[in-house]
Amino acid sequence: MVDAYEQANNRANRRQDPKLLGTVESGQVHEQSKADYEQWETQSEKEQKHYESAFFYRDREYLIPAAGSGASWFAVKAHSSAAPKGKSALVVFDKVGSTYKVTMTVYADEPIPKVAVDEHGYVLPVAPSQKVGNLAPDQLGTSYEDFFETGGKKSEKIFAKTDSSKASTKVHADGVDKDLKGYATRKFFGKRPAHPKVYALKLANGGAVALFPTAHTLELVLKPRYMSGFDITPGPRESVYNSARRDVITDEFEGQGLAVMSPAEKPRVTGIEYRMVNSR
């Protein structure tokens, strides 16, 4: 199944073919892949060459729940030939209709802890609504969006500091581009992800590892006194969806993250990735 996914994905990436990719991919990861294809002409030659190059998953570890667990999915922990050396990925295959498709793929900045197994070697799913420490897996996405909305006023008390959280805080702190400073304001708003399903597994140390969806919009708005005489010019990626100059530019982002959760410590978000999927 993983081999078939690699082959279809590599063929689709060479042709930027979302229909072909849709035969093996769904969920948040497919939202991001479609955006990559839509924005293809805005990418550099180097980015395009990297995207078109075939990739393979190595050192695969299959994380399969027992048939009686109620889980419709399984995960694969692996290294990708396209990722930086040492970066592990968790890849989720979920049943979509009668077919298993990849619905989430997140690369971790830190080693993924050992997953717990039962006496038969099956992994143990964790209910998304079950609290592990201060949060349940299905609360991760909404809570994480505060890093963008406020720069972490609430989320810094909820999450451990990681490379992912620091990068998200920086996105908030970067503010308005220098050519619009004084003319416009910039605000993030968390929103419901396109595909809200959360996946979580029990860890050998009693915690959990969770793959969670997340999403937000970014609004760039001219200050009222400039609206009658100025417009904002959308960037190249925004122009793919709407090239018109306008007073307000609203960009939509779909994301997916990986969190290591502990009963006694704050959750660590060790991987997060977003794509702009629309602009209006």
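Parameters at a glance
- Residues numbered from 1 in each chain as written.
- Predicted model: local features only at pLDDT ≥ 70, side-chain atom pairs only at ≥ 80, totals over all residues.
- Heavy atoms only, no water.
- Helix = DSSP H or I, 4+ residues; strand = E, 2+ residues; numbered from the N terminus.
- Expected span 1.5 Å × (residues − 1).
- Buried < 20%, exposed > 50% of the residue type's maximum accessible area, 1.4 Å probe, protein only.
- Pairing = 2+ DSSP bridges.
- Core = buried A, V, L, I, M, F, W, Y, C linked by side-chain atoms within 4.5 Å.

(A) Examining helix H3 (residues 27-38) more closely. Given a rise of 1.5 Å per residue, 12 residues ought to cover 16 Å, and the 17 Å separating the end C-alpha atoms of H3 matches this to within 8%. Most of H3 sits inside the fold, with 10 of its 12 residues counted as buried. Taken together, the buried positions of H3 are occupied by Gly27, Gln28, Val29, His30, Glu31, Gln32, Ser33, Ala35, Asp36 and Tyr37.

(B) Layout of the pairing of strand S2 (residues 73-80). Counting buried residues in S2 gives seven out of eight residues, a clear majority hidden from the surface. Pairing of strand S1 (residues 57-63) with S2 involves five bridges; the strand directions are antiparallel. If you follow Glu61 over to S2, its bridge partner there is Lys77. As paired elements, S2 and strand S3 (residues 88-96) share seven bridges and run antiparallel to each other. Following the sheet pairing, Phe74 is matched in S3 by Phe93.

(C) Highlighting the pairing of strand S8 (residues 248-261). Taking burial as the measure, the 14 residues of S8 include 13 buried ones, the bulk of the element. Bridging between strand S7 (residues 208-222) and S8 involves 14 bridges; their strand directions are antiparallel. Across the sheet, Val209 pairs through a bridge with Val260, a residue of S8. Pairing of S8 with strand S9 (residues 268-279) involves 10 bridges; the strand directions are antiparallel. Along S9, the bridge assignment pairs Gly257 with Ile272.

(D) Examining the nonpolar core more closely. Counting residues in each nonpolar core, the largest one holds 21 residues, and the members touching the most others are Leu140, Tyr144, Phe159, Phe212, Ala259, Met261 and Val269. At the level of elements, helix H5 (140-144), helix H6 (146-149), S7, S8 and S9 are the ones that each hand at least two residues to this core. When residues of this core are assigned to their parent elements, the largest contribution, four residues, is made by S7. In terms of nonpolar packing, the next biggest core, distinct from the first, is built from 20 residues, Ala12, Leu21, Phe74 and Val91 among them.

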